[in-house]
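Residue-level structural notes
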Amino acid sequence: MSVEQRSADNAAGPASKGSGLKKIVAASMVGTVVEWYEFFLYATAATLVFGKYFFPATGNELDGIIQAFITYAVGFVARPLGGIVFGQIGDKLGRKPTLQLTIVIVGVATFLMGCLPGFADIGYAAPALLVALRFIQGFALGGEWGGAVLLVAEHSPNSKRAFWSSWPQAAVPVGNLLATLVLFIMSTTLSPEAFLGWGWRVAFWLSAVIVFVGYYIRTHVTEAPIFLEAKALVEKEQAVSYGVFEVVRKYPKGILQAMGLRFAENIMYYLVVSFAIVYLKSVHKYDTSSLLLALLIAHVIHFLIIPQIGRLADSVGRKPVYLIGAITGAAWPFFAFPMFDTRNAMVIVLAVTIGLCLHAFMYAGQPAIMAELFPTRMRYSGVSLGSQVTSIFAGSLAPLLATQWLKDTGSWVPTAIYLVVACAITAVAVLSLKETKGIALEEVDKADAAREGLLPASSR
């Protein structure tokens, strides 16, 4: 059967079971909202609270923020380890049990962060405990993203895979939106002293409630038939393996391509949502509540636009849409920071919103592209490894480097050049891809089986 035939058949089939697919999308999204609420809550708190609360005062506000961002980076270092461990589990046991486990681990770590005493209470033990919990949080999240997007991608019709698998991506700004909303409410209803003393903790404690919701919903999803078939093949054919070591050995090019796709997207996101706050607060002394409100508006628009760009990737192709994001993303800082310098609230909101919209051109189609790079038996490992290893060199360092450059030079220009280089690397990765719009994942598995010598000659 041709790819086109498979695409047509697959596009028709799920239409009749749309409610089943929507249920899987919802389950994936709810869990993703929970986990990214907790992860991004740390990012915002690191900028607004942690630098003052968990570290000694030095007389320079940026020093505390830089130290907080170093602990923030620890979560990114842990993510590849989580991707390796949970990728292996997910390829062997399934996407569902892996996602149930990761959501509980992230929830417990985040709740405990809200219970930590500060530097004034226990000295350097405070940042040490913060780092330990951040590591656990990042470790679990390293296995979350790959499982969430693959649960949807493997259930989706071939002709609409980018659209449907973009919904878990859209859940990420929802998680960030909730984190920002809670902090916004606390910062506007409490005095600065009360917010710094205990108000920020409430946002971390609330994670316990939404973790229960996310876990419950994820108990009601099923594995994709294509995964169950791949699992049965691995169990039947002892020569066929799965997991991290297998994907590194058999698909190193796919991992490098996934890393290249992730690089600029990850850097740009954290420059827009984290470093923009640092710049506006440290350079222009902009009001905290106003900054959080700007992010709230931008996150709502980001959520709305991601599925539409996913639909565009199904229509015109993965590569052209991704290239638009890489090229326009490189231009963003050159007009965004002058917009920040106006100190005009509407202009600042517009600059942040444009940044997230341009980011969405890279972000929306990412799950579909990465899913189409690897066969099912090692897809979880390949996607998790490619995306999470990159975060060490991309998102974890981006706000840290940008803040350090701002401290050293007083300028945003080094950060702009940094993003241009990152976007150039991602553009090269995009150009190296084959266009996979509409491809059947069964065809990817068939090609893999042929490489392993598991197909008769007539079917190759």
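Here the structure is a predicted model, which is why all the values come from computation and not from measurement.

**Regarding the overall build of the chain**
Of regular secondary structure, the chain possesses 20 helices and 0 strands. Looking at the 460 residues of the chain, the share that counts as buried comes to 60%. Expressed as a percentage of contacts within the chain between residues at least 6 apart in sequence, the contacts between residues at least 24 apart total 87%. Carbon and sulfur atoms make up 71% of the accessible area of the chain, which totals about 16,600 Å².

**Re the pattern of salt bridges**
If you walk through the whole model with that rule in mind, you get 10 salt bridges. Arg249 serves as the salt-bridge partner of Glu246, at 2.9 Å between the closest nitrogen and oxygen. Taken together, the residues span about one helical turn, with Glu246 and Arg249 both in helix α11 (residues 244-250) at a distance of 3 residues. With a relative accessible area of 5%, Glu246 lands in the buried category. One network of salt bridges, in which partners are shared, links Glu246, Arg249, Lys250, Arg377 and Asp448.

**Considering the nonpolar core**
Counting 129 residues, the largest nonpolar core has Phe50, Phe54, Trp200, Ile267, Phe275, Trp332 and Phe340 as the members making the most contacts within it. Per-element accounting of this core gives the leading share, 18 residues, to helix α12 (residues 252-283). If near-sequence neighbours (up to four positions away) are discounted, Phe275 is found in contact with Tyr270, Phe337, Pro399, Ala402, Thr403, Leu406 and Thr415.

**What about helix α4 (residues 95-113)?**
Under the 1.5 Å per step criterion, the end-to-end length of α4 is 27 Å for 19 residues, consistent within 8% with the ideal 27 Å. Of all the positions in α4, only Arg95, Thr98, Leu99, Gln100, Thr102, Ile103, Val106, Gly107, Ala109, Thr110 and Met113 are classed as buried.

**Describing the environment of Trp164**
Relative to the elements of secondary structure, Trp164 occurs in helix α7 (residues 161-189). It is 7.1 Å that separates the C-alpha atoms of Trp164 and Ala153, two residues lying 11 residues apart in sequence. Once residues within four sequence positions are removed from consideration, Trp164 is found in contact with Leu21, Lys22, Val25, Val152, Ser156 and Pro157.

**A few points about the side chain of Arg201**
Looking at where Arg201 falls in the secondary structure, it is placed in helix α8 (residues 192-205). Of the side chains with opposite charge, Asp121 comes closest to the buried, unpaired Arg201, at an N-O distance of 5.6 Å. Within the local environment of Arg201, its side chain forms a polar contact with the backbone oxygen of Leu116, the two atoms lying 2.7 Å apart. Setting aside its immediate chain neighbours within four residues, Arg201 contacts Tyr53, Met113, Gly114, Cys115, Leu116 and Pro117.

**Here we look at the packing of aromatic side chains**
One pass over the structure, following the stated rule, counts 18 aromatic pairs. When the ring of Tyr269 is compared with that of Tyr270, the centres are 5.6 Å apart and the planes differ by 85°; the resulting orientation is edge-to-face. Like Tyr270, Tyr269 is buried. Both rings, one in Phe337 and one in Phe340, keep their centres 5.4 Å apart while their planes meet at 90°; by these two values the pair is edge-to-face. Here Phe337 pairs with Phe340, and both are found in helix α14 (residues 318-341), just 3 residues apart, close to one helical turn. The exposure class of Phe337 is buried, given its relative accessible area of 1%. An aromatic cluster is defined as three or more aromatic residues linked by ring pairs; in this entry it consists of Phe275, Tyr279, Trp332, Phe334, Phe337, Phe340 and Trp412. Sitting over the ring of Phe163, Arg311 keeps its end group 4.2 Å from the ring centre.

**A short note on helix α15 (residues 345-363)**
Taking 1.5 Å as the rise per residue, α15 with 19 residues should run 27 Å; its terminal C-alpha atoms sit 26 Å apart, in good agreement. Across the 19 residues of α15, 14 count as buried, placing the element largely inside the fold. If you check the start of α15, you find a side-chain oxygen 3.0 Å away from the backbone N of Met346, and it comes from Asn344.

What counts, and at which threshold
- Residues numbered from 1 in each chain as written.
- Predicted model: local features only at pLDDT ≥ 70, side-chain atom pairs only at ≥ 80, totals over all residues.
- Heavy atoms only, no water.
- Helix = DSSP H or I, 4+ residues; strand = E, 2+ residues; numbered from the N terminus.
- Buried < 20%, exposed > 50% of the residue type's maximum accessible area, 1.4 Å probe, protein only.
- Contact = heavy atoms within 4.5 Å.
- Areas by Shrake-Rupley, 256 points an atom, 1.4 Å probe, with all protein chains shown as cover.
- Salt bridge = Lys/Arg side-chain N within 4 Å of Asp/Glu carboxyl O.
- Core = buried A, V, L, I, M, F, W, Y, C linked by side-chain atoms within 4.5 Å.
- Expected span 1.5 Å × (residues − 1).
- Lys, Arg positive; Asp, Glu negative; His and termini not counted.
- Polar contact = N/O pair within 3.5 Å; in protein donor to acceptor, adjacent residues only side chain to side chain.
- Phe/Tyr/Trp six-rings, centres within 6.5 Å; stacked < 30°, edge-to-face > 60°.
- Lys NZ or Arg CZ within 6 Å of the ring centre and 35° of its normal.

Geometry only, nothing functional implied.
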